Amino acid sequence: MIREGFDSRGFSIETGKKHDKEGYDEYGYDIYNRNREGRNLAGFDRNGLDKDGNDVNGFNIAGIHKITKTKFDERGYDQDRFDAEGYNIHKFDRNGIHKYTKTKYNEKGVDCEGYDERGFRVRGKRIHKETGTLFNKEGYDAEGYNEKGFNADGINRRNFNEEGINLITKTKFDTDGYDIDFYDEEGYHKDTNFSREGIHRETGTFYSPTGLDVDGYNNQGEDAQGNIRKVDNKTLYPYAIQLVNYYLDSSYLSYKEMYKYEESITEDRFKFLLYIIKEENPEKYKEIEEGLDKKRSARFAKYINGLKKTIKHIENGIETPNGDIRNYEYFDLLLETNSDISSFEENIKKAKNYGIVVSRYVYKFINKCVNRNKIPVNDTQALNNKVIYIVNGVEVEVTRQQKLDTLNYMKEHSLPKESGIYSSLLRNYVKGNICYNTELNDMFKENSETPLQSKKK
C-alpha cells in the first residue's frame with residue numbers, strides 16, 4: 001500500500017526522492033530499513049528483540065523461551081544454543097571441546113568455528129583462521145599450494161616443476177600437449193589461440209578473426225563493448241612492475257638480451273616503463289635501481305671473466321676430446337664470444353684498464369686472425385677438391401662427408417663462409433680435435449674449471 005505523499009513510482013512528492021523529509025520511504029522505513037519504532041523488516045529492534053521482547057530464537061532477555069517457558073527451546077537448546085549437557089548442535093561445548101573426540105576437533109577434523117586442523121575454513125572460501133586470507137603463514141593454501149601455484153616440493157597442480165618440466169612426460173609439455181602456461185608446442189595458448197608475442201594462430205596477425213587482439217581490443221583501441229583502451233601511466237604501471245621484476249629475477253644480465261630471446265620490445269620501450277615506475281612510485285623505483293645496479297655489476301664481471309677466459313684459451317690452448325691440447329683458432333673466438341676479431345681487439349686494448357695482463361701470444365693471435373684467409377668458400381669446389389692431412393704420421397684423404405659436415409656446421413653456427421675458417425675447422429675435425437656433435441661452449445666451460453699447463457710456443 002502506497003503511503004500518502006508518495007507517487008506511483010514510490011518517490012516522495014516533497015523531496016522527489018525515495019525518502020521523505022523525515023527520512024522514510026513509501027513503506028515507512030529509513031535507509032537502514034528500520035521503521036519509526038526502530039524495528040527492521042523482520043520486526044526486531046536494535047537490541048535484536050521483537051515487540052514481545054524475544055530474540056530471533058524466541059528467548060527473552062532473562063533467557064526464558066516464549067513457548068517452553070524454560071531455559072530450553074523445543075529442540076532442547078538454550079539461548080546460547082547449548083543443550084542441557086552443555087553441547088551445541090555440532091556437539092562442541094562452550095570451551096570448544098567435542099563431545100565424542102574430547103578434542104577441539106570433531107570426527108571429521110573440524111573445530112567449533114568450522115576450521116580444520118590446519119586452520120582452513122572447510123565451507124565456502126577456504127580462508128585461514130590466522131591470516132584471514134586463502135594462505136597460511138607459510139604461504140600455502142588449503143590444498144598446499146602457494147600464490148604461484150606450487151607446493152612445498154615445487155610442483156604445481158598440473159605436475160609441472162618450477163623449471164616448467166612436467167613430471168609425467170619429462171618434457172615441457174603435459175599429456176595434453178600444453179606447457180606450464182597452457183601454450184602448445186606451436187606456441188599458441190590453449191584458450192585464446194594467441195602466441196606469447198600476441199600473434200593469432202589462424203590469422204597470423206595481432207588480431208583474431210573477430211578483429212580483436214590478445215587483450216580484447218581492435219585496431220582502433222576499442223573492446224567489444226566500445227570501451228577505449230587505457231594507456232595512462234596508472235594503467236601501465238602494473239605491467240611495468242611485472243616486466244621489470246621478471247627481468248630482475250631472471251638469469252639475463254641485460255634486458256636487451258632478454259627481449260632478444262623472449263619478446264619483441266625495444267630498448268626505448270623498456271626505458272619508458274622504467275620512467276613510468278619512477279613517476280608513479282619513486283620508492284619502488286629506488287629498489288629497482290638497486291637491482292639494475294646488481295645486473296650491471298654482474299654483467300661487467302661476466303665481461304671481465306669472459307675476457308680472461310678467452311686470453312687463457314689463446315695462451316694455453318683447448319683440450320681435445322682425446323685429451324690432447326690444440327691451438328685456439330679464430331672459429332673458437334667466434335663461437336665463444338659471439339664477436340669478431342675487431343671487437344676482441346678493442347676489448348684487449350681496454351684490458352689493461354681493468355688490471356688484466358695480456359701476453360705477446362694474444363697479440364700474435366690477433367695479428368693472425370686479422371690477416372687470415374678471407375676468400376669466400378665455394379661449396380661445389382670445396383666438396384670436389386682433394387684434401388690430404390697428416391694424421392698420426394699417416395696421410396689421410398678427407399672424405400666428401402667430412403667436408404659436407406664442416407660446411408653444414410658453419411651454416412648452423414652462422415660462421416663466416418671464409419676459406420680460412422673452413423680449412424681450420426676441417427683440419428681439426430679430421431684430426432679428431434673437435435666433434436661437431438659436442439657443444440663447444442661446454443668444452444670451454446670444462447677447460448675454464450681446470451687451468452691448463454702453458455704450452456710451449
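Refer to the preceding data block for the structure.
Residues numbered from 1 in each chain as written. Predicted model: local features only at pLDDT ≥ 70, side-chain atom pairs only at ≥ 80, totals over all residues. Heavy atoms only, no water.

(A) Highlighting the overall build of the protein chain. Secondary structure assignment for the protein chain yields 11 helices and 4 strands. Against the globule reference of 23 Å for 457 residues, the protein chain gives a C-alpha radius of gyration of 38 Å, more extended than a compact globule. Its C-alpha atoms put the protein chain at 115 × 60 × 45 Å along the principal axes. Here the protein chain holds 457 residues, and 37% of them are scored as buried. At a minimum sequence separation of 6, the contacts of the protein chain that also span at least 24 residues come to 30%. (Helix = DSSP H or I, 4+ residues; strand = E, 2+ residues; numbered from the N terminus. Rg over C-alpha atoms; globule rule 2.2 N^0.38 Å. Buried < 20%, exposed > 50% of the residue type's maximum accessible area, 1.4 Å probe, protein only. Contact = heavy atoms within 4.5 Å.)

(B) Fine view of the packing of helix 5 (residues 330–337) against helix 10 (residues 419–430). The geometry of helix 5 relative to helix 10 is characterised by a closest axis approach of 8 Å and an angle of 95° between their N-to-C directions. In terms of axis orientation, helix 5 runs roughly perpendicular to helix 10. Listed contacts from helix 10 to Tyr330, Phe331 and Leu334 of helix 5 are Ile421, Ser424, Leu425 and Asn428. Among the residues forming the contact of helix 5 with helix 10, the class breakdown is 5 nonpolar, 2 polar and no charged. (Axes fitted to C-alpha atoms, helices over the stretch in contact; angles between N-to-C directions. Parallel < 35°, antiparallel > 145°, perpendicular 65-115°, else oblique. Nonpolar A, V, L, I, M, F, W, Y, C, P; charged D, E, K, R; others polar.)

(C) Looking closely at the packing of helix 4 (residues 282–316) against helix 6 (residues 341–351). Running from N to C, helix 4 and helix 6 point in directions that differ by 105°, and their axes come no closer than 11 Å. By the angle between their axes, helix 4 is roughly perpendicular relative to helix 6. Residue-level inspection shows Tyr303, Leu307, Thr310, Ile311 and Ile314 of helix 4 in contact with helix 6, the latter providing Phe344, Asn347, Ile348, Lys350 and Ala351. Looking at the contact of helix 4 with helix 6 residue by residue, the classes come out as 7 nonpolar, 2 polar and 1 charged.

(D) Highlighting the nonpolar core. Counting residues in hydrophobic clusters, the biggest one holds 39 residues, and the most contacted among them are Phe344, Leu415 and Leu425. Secondary-structure elements contributing two or more residues to this core are helix 4, helix 5, helix 6, helix 7 (360–370), helix 8 (379–384), strand 3 (388–391), helix 9 (400–412) and helix 10. Setting aside anything within four residues of it in sequence, one finds Phe344 in contact with Leu307, Thr310, Ile314, Leu333, Val362, Phe365 and Ile366. Core analysis: the next-biggest nonpolar cluster, separate from the first, contains 18 residues, Leu243, Tyr247, Tyr255 and Leu292 among them. (Core = buried A, V, L, I, M, F, W, Y, C linked by side-chain atoms within 4.5 Å.)

(E) Fine view of the packing of aromatic side chains. What the rule picks out here adds up to 8 aromatic pairs. Within the aromatic cluster, the residues linked to one another by ring pairs are Phe300, Tyr303 and Tyr354. The ring of Tyr178 is capped by Lys190, whose NZ or CZ atom sits 5.7 Å from the centre of that ring. (Phe/Tyr/Trp six-rings, centres within 6.5 Å; stacked < 30°, edge-to-face > 60°. Lys NZ or Arg CZ within 6 Å of the ring centre and 35° of its normal.)

(F) Main features of the side chain of Asn161. Within the secondary structure, Asn161 sits in the segment before helix 1 (233–249). Relative accessible area serves as the criterion here: at 15%, Asn161 is assigned to the buried category. Among the polar contacts listed, one links the side chain of Asn161 to the backbone nitrogen of Ile165, at a separation of 2.9 Å. (Polar contact = N/O pair within 3.5 Å; in protein donor to acceptor, adjacent residues only side chain to side chain.)

(G) Region of interest: helix 10. Here helix 10 is 12 residues long and its end C-alpha atoms lie 16 Å apart, about the 16 Å a rise of 1.5 Å per residue gives. Within helix 10, 9 of the 12 residues are buried, leaving the element largely enclosed by the surrounding structure. For helix 10, the full list of buried residues reads Ser419, Gly420, Ile421, Tyr422, Ser424, Leu425, Leu426, Asn428 and Val430. Elements in contact with the buried residues of helix 10: strand 2 (325–326), helix 5, helix 8, strand 3, strand 4 (394–397) and helix 9. Downstream of helix 10 by a residue or two, Gly432 has a phi angle that is positive, lying close to 80°. (Expected span 1.5 Å × (residues − 1).)

(H) Quick peek at unusual backbone geometry. Even without being glycine, Asn33 reaches a positive phi, approximately 60°. Tracing the chain through its elements places Asn33 in the segment before helix 1. Positive phi values are uncommon outside glycine, yet Asn392 reaches one of about 55°. Within the fold, Asn392 resides in the loop between strand 3 and strand 4. Overall, the relative accessible area of 77% leaves Asn392 in the exposed class.

(I) View of the pattern of salt bridges. Inspection of the entire model under this criterion finds 27 salt bridges. Close ionic contact of Arg94 with Asp78 constitutes a salt bridge, the shortest N to O distance being 2.9 Å. Taken together, the positions of Arg94 in the segment before helix 1 and Asp78 in the segment before helix 1 put the pair 16 residues apart, joining distant regions of the chain. Between Asp111 and Lys129 there is a salt bridge whose closest N-O contact spans 2.7 Å. (Salt bridge = Lys/Arg side-chain N within 4 Å of Asp/Glu carboxyl O.)

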